[in-house]
Structure formats: C-alpha cells, structure tokens
Amino acid sequence: MTAHWSIRARLTAWYSVVLLAGLTLFGAGIWLLISHSLRASLDDTLAQHAQGVITVLQSEVRPDKPKHLQQELAEYASATPGGNLIEVLDSRGQQIVASKTVALQEADSASHGVQVRPSGRYRTFTTTASVNGLPYRVLVATPMDATEATLSRLRLLLLWSTPVVLLLASLGGYWISRRALAPVDEITRSARVIGIQSLSQRLAVPASGDEIQRLSETWNGMLARLEAAVKRLSQFTADASHELRTPIALIRTTAELTLRRERSPETYREALRQVLLESERTTRLVEDLLLLARADAGLPSLPLERLELIPLVRDVCRQGQILAGARQLEISAEIPDEPVFVEANDPALRRMLLLLLDNAVKYTPSGGRITLSVDRGPAGATVAVSDTGIGIPETALPHVFERFYRVDESRNRDAGGTGLGLSIAKWIAERHHASLEAESVLGQGSVFRIRFPLT
Ligand code: ADP
C-alpha cells in the first residue's frame, strides 16, 4: 500500500506524525507545568492562612478565659476572605472554631487533601500548632473552582488547537512539498518524450544550485553518453556494411566477368584464386566484427591468470618471422634475464602481440628491423613492438585505435588491412587493465607499447 504513495504524500504523513508528537509533548508539558504551579500557589495561600490562624492562637490563648480565644478567632475568621473555611480543635478535641463547609474529621492524615461538597471541591491543609505546650489542630481550606475552571479552559484550548494546528500545518507541508517536487514532475514529463530518435534533446537545467539542478545535469550527462554510444553504434554498423560490400562486390564481379564467355582453365583458376582471396578477407573481417560486437556487449569475459611473459613473447617473435615470409626483415626479441610475470589471458595476449607484429610487418619495407622488447619497470611490465617502417603522421596518430580507421586507404589496401586490428588490440589491452600507446615518426618507424599494471 505504502509503495503506491507519492513522495509528497509520504513526506506530509511523516511531517504530520512528527508534528503531532511534538504538539502532544508540548501540550502535555504546558498542562503539567500550569496545573502544578496553580496547585502550588493554592497550597501557598493555604500555608499563609494557617500561619495566620496559628499566630492568633499563640497570641490570644488565655487559659483562664477560653471564650476569649473563640471570640478572637471568630473575629479573625470574619475579617479574612474564606474565613468560613477554618476549623480549630483544642488539645481535648473541642471545636474552637467550626466550619460549615469543611471538617477536620474528614481531613486525611496527610497535611494536604481535597474535600468534595455540593458547593464544590475544596483544597484543605491540616497542621498542628503547639501553644503553651498544648497541641491545637488547625484546618484551613480554599475553593478549587477558579483553578479547576482555568485548567479546564486550558485543556479545552489544547485539545482543540492541536488538531487545528496539525491540519493547517499538514496542508502547508503538502503544499510546500508539492512546490518543491514540481520540477521533478517536469523532468519526468520532458524525459518521457525523449526517444532513440531524439537523443539530442536535453532537459532544461534550473540554475537553482540544488538537487533538482544536479538531477537534470546528471540526466543530461547520461543522455549525452547514450547519444554518443548510439552514434558510435550506427557509425560502426554503417562502416561494417560498407567494408563488407567491397569484398562481396569483388567476388561477384570476378565471377560474373569470368562466366560471361568461355575461358581457358588458367583464367578460371586465376578467377577462383581471386575469389578465395577475397573470401578469406571477408571471413577475417566478419570474425573481427563479431569479436568487437561481443566486446561491446561485454562478452566474452577474459579470465586472467599469472603467466610468464618471456616464453610467450619468444613464441610470438617466431610466428612473426613466419609472417614476414620471404621478405627481408630482421625480427628479434630483447628480453631481460629474469622472468617477468603479468596477469593475462594467454590466447588474447598472443592475439594482441600478433596484431601489432602483423602491422609492423605490413608497414615496414624490406631491409627494415622489427623488435619485440620486454621491460620490467618499477610501475609494471612493458612490452613494446617497434619497427623501422613507414611510420604514422602526427595527425593520424590519435585516431589509429578507432574502428575502421586507416591512415591512408592506398597504402594498406593491398596488405589487406580492415582498420579493425588496432581497435581489437586496444580492447584486449583494456581487458588486461593495461594501456596501449603508439609513438611514431613518419618515415622512421613506430613503437606500440603495452603497459601492464603492477602485479
Ligand atoms: P589495418 O588492418 O588497416 O592495419 P589497424 O587498426 O591495424 O588497421 O591499423 C590502423 C592504421 O594504423 C593502419 O591503417 C595503418 O595505416 C596504421 N598503422 C598501424 N600500425 C602501423 C605501423 N606499425 N606502422 C605504420 N602504420 C601503422
């Protein structure tokens, strides 16, 4: 049930509950304080009253004239407001002054008490005064109506004002939370109309410096990232289709042209060789595309394990020599004496090194030198593939890791490059938490360096 409540309603409910608790505590506190102080002031008045009676007793007792005290006390009582609420008994229990309203016999053993009469409730105070060595019991009382009326007015005020204040404050709280959350509704409305076709739209950002501004900015940041990702994806799809079209068109035209009339077996053989070459290129391209698509989808995960770099680099170096074939290239490995360990995935690391080595072979003219070197620096191991090839222009260097990027269409068309090799190498490096950097001087050569984190 609560799950369907809006934030506004929940905020108001919490606010009202807290306010009710606060008002109740406040009301109870006020009630206790005022009722206690009113009773205390009644008791003070009674104590003063009793003291007055005792003073008369002490000054007017004449053992030889018992009537004298009676007269003096009667005079004192008639001159005092509430004088009919005094009763005094002498040591033998004889009434010296009697009250028609309250009675000493009814007084509790405790000094203070309450006596209920048809005319109202009375607060009583009983005390014993010793005069000339004889105990006199004194009772004074005062009506409680005024105090009780005040307390009952206070009670009414508190009981009525609490719900009224609570209602008004809750309405105010609801209104404030509505106002505060209105921009959130606005964001929801704007966000609802943004679809894949309109990812370039952005939400309005209020310059309020508050959570709402941060929320809109975060949304806009997310939209920008989504837009960039969707753009990359459509670019990738467009590039991939374009790349696939060329070899497929070549295969088709080769077959069509060859089939147009009778040819010699040698021409057929040549055409089939051409078709085979282009099919191989297409297969490679499709495999690369598949790998990158899986990489984009977060698959496959590369399990890393601690492995020794040197034997692996030696193997790759040997494969590079096979790649170079009959070309006059010197391929060597520069390797430290002690073993170097990295956290890596064996087949993926081999693939990355082979991609770099393959590029070095492709872009280094005969007579050039290619070196694979391993270095164990203080920040972690580094593997570098350097060549003395044609190099990469400075302007092209930041783009070589982009998908389908080729420095110059003409220079690697024959070499069969698809422009995907370095993006795959980069992806593999990232999966190893390693960085892949390129340095190059046009006409002199290039170095591709993989820096592994410290293990
Ligand atoms: P390709 O399959 O075309 O080689 P890559 O992604 O492997 O694609 O490389 C991208 C571009 O970077 C290549 O077109 C090439 O021009 C340039 N490049 C890569 N490696 C080297 C290198 N060792 N020397 C010179 N240029 C290179």
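Being a predicted model, the structure only gives us computed values, none of them experimental.

Caption draft 1: Seen up close, the sheet that holds strand E1 (residues 86-89). One open sheet accounts for 5 strands, arranged E2-E1-E5-E4-E3; its pairing is antiparallel. Here the strands that pair on one side only, and so sit at the sheet edges, are strand E2 (95-97) and strand E3 (112-117). Strand-to-strand, the axes of this sheet are offset by a mean angle of 30°, without reference to chain direction. Bridge count for strand E4 (residues 120-131) against strand E5 (residues 134-143) is 10 bridges, and the pairing is antiparallel. From the neighbouring strand, Tyr122 faces E5, where its bridge partner is Pro143. On the sheet, helix H1 (residues 7-60) packs against E1, E3, E4 and E5 and is oriented at approximately 40° with respect to E4.

Caption draft 2: Broad picture of the nonpolar core. Ranked by size, the top nonpolar core spans 55 residues in total, and within it Leu309, Leu349, Leu353, Leu356, Leu372 and Ile450 carry the most contacts. The dominant element in this core, judged by the number of residues it contributes, is helix H7 (residues 346-362), at 9 residues. For this core, the domains that each give at least three residues are domain 2 (211-297) and domain 3 (305-451). Not counting residues up to four positions away in its chain, the partners in contact with Leu309 are Val340, Val342, Leu349, Val374, Ala381 and Val383.

Caption draft 3: Spotlight on the side chain of Thr258. Inspection of the secondary structure puts Thr258 in helix H4 (residues 211-259). By relative accessible area, Thr258 is classed as buried at 10%. Of note is the side chain of Thr258, whose polar atom sits 2.4 Å from the backbone oxygen of Thr254. Those residues in contact with Thr258, other than ones at most four positions away along the chain, are Arg263, Tyr268 and Ala271.

Caption draft 4: Structural context of the sheet that holds strand E12 (residues 445-451). Strand order in the open sheet formed by 5 strands is E7-E9-E10-E12-E11, and the pairing between neighbours is mixed. Because the sheet does not close on itself, it has two edges, and the strands there are strand E7 (330-334) and strand E11 (435-441). Averaged over all neighbouring strand pairs, the angle between strand axes comes to 15°, with direction disregarded. Relative to E12, E11 is paired through 7 bridges, and the arrangement is antiparallel. Within E12, the residue paired with Ser440 across the bridge is Ser446. Packed on one face of the sheet, helix H6 (residues 309-324) meets E7, strand E9 (369-377) and strand E10 (380-387) and runs near 175° to E7. Its contacts with the sheet place H7 against E7, E9, E10, E11 and E12, and it is angled at close to 25° to E10.

Caption draft 5: Summary view of the side chain of Ser423. Relative to the elements of secondary structure, Ser423 occurs in helix H9 (residues 421-431). Overall, the relative accessible area of 7% leaves Ser423 in the buried class. Those residues in contact with Ser423, other than ones at most four positions away along the chain, are Leu292, Phe401, Glu402 and Arg403.

Caption draft 6: Structural view of a nonpolar patch on the surface. A cluster of nonpolar side chains, namely Leu215, Trp219, Met222 and Leu226, defines an oily patch on the protein surface of about 320 Å² accessible area. Looking at the element boundaries, Trp219 is found in helix H4.

Caption draft 7: Broad picture of the pattern of salt bridges. Taken as a whole and judged by the stated rule, the model has 21 salt bridges. Here Arg350 and Asp315 are joined by a salt bridge, their closest N and O atoms 3.0 Å apart. Note that Arg350 is positioned in helix H7 and Asp315 in helix H6, a separation of 35 residues in sequence. When its relative accessible area of 24% is taken as the criterion, Arg350 is described as partly exposed. For Asp315, a relative accessible area of 27% corresponds to the partly exposed category.

Caption draft 8: Here's a closer look at the domain arrangement of the protein. One can read the domain layout of the protein as domain 1 (7-156), domain 2 (211-297) and domain 3 (305-451). In this structure, domain 2 and domain 3 have C-alpha centres spaced 24 Å apart. Every contact between the two is made by 14 residues of domain 2 and, on the other side, 13 residues of domain 3. Approximately 1,300 Å² of surface area, both sides summed, lies buried where domain 2 meets domain 3, with 59% of it carried by carbon and sulfur atoms. Ranking the residues of domain 2 by area buried against domain 3 places Arg281, Leu291 and Leu292 at the top, with a combined share of 39%. With a closest N to O distance of 2.8 Å, Arg406 and Glu243 form a salt bridge. Contributions of two or more residues to the side of domain 2 that touches domain 3 are made by H4 and helix H5 (265-296). Here the side of domain 2 that touches domain 3 takes 9 residues from H5, the largest share from any one element. Tallied by class, residues from the side of domain 2 that touches domain 3 come to 7 nonpolar, 1 polar and 6 charged.

Cut-offs used in this document
- Residues numbered from 1 in each chain as written.
- Predicted model: local features only at pLDDT ≥ 70, side-chain atom pairs only at ≥ 80, totals over all residues.
- Heavy atoms only, no water.
- Pairing = 2+ DSSP bridges.
- Helix = DSSP H or I, 4+ residues; strand = E, 2+ residues; numbered from the N terminus.
- Axes fitted to C-alpha atoms, helices over the stretch in contact; angles between N-to-C directions.
- Contact = heavy atoms within 4.5 Å.
- Core = buried A, V, L, I, M, F, W, Y, C linked by side-chain atoms within 4.5 Å.
- Buried < 20%, exposed > 50% of the residue type's maximum accessible area, 1.4 Å probe, protein only.
- Domains from an automatic or database assignment.
- Polar contact = N/O pair within 3.5 Å; in protein donor to acceptor, adjacent residues only side chain to side chain.
- Patch = residues over 30% accessible without salt bridge, like charges linked within 9 Å, V, L, I, M, F, W, Y side chains within 5 Å.
- Areas by Shrake-Rupley, 256 points an atom, 1.4 Å probe, with all protein chains shown as cover.
- Salt bridge = Lys/Arg side-chain N within 4 Å of Asp/Glu carboxyl O.
- Buried area = accessible area lost by both parts, 1.4 Å probe.
- Nonpolar A, V, L, I, M, F, W, Y, C, P; charged D, E, K, R; others polar.

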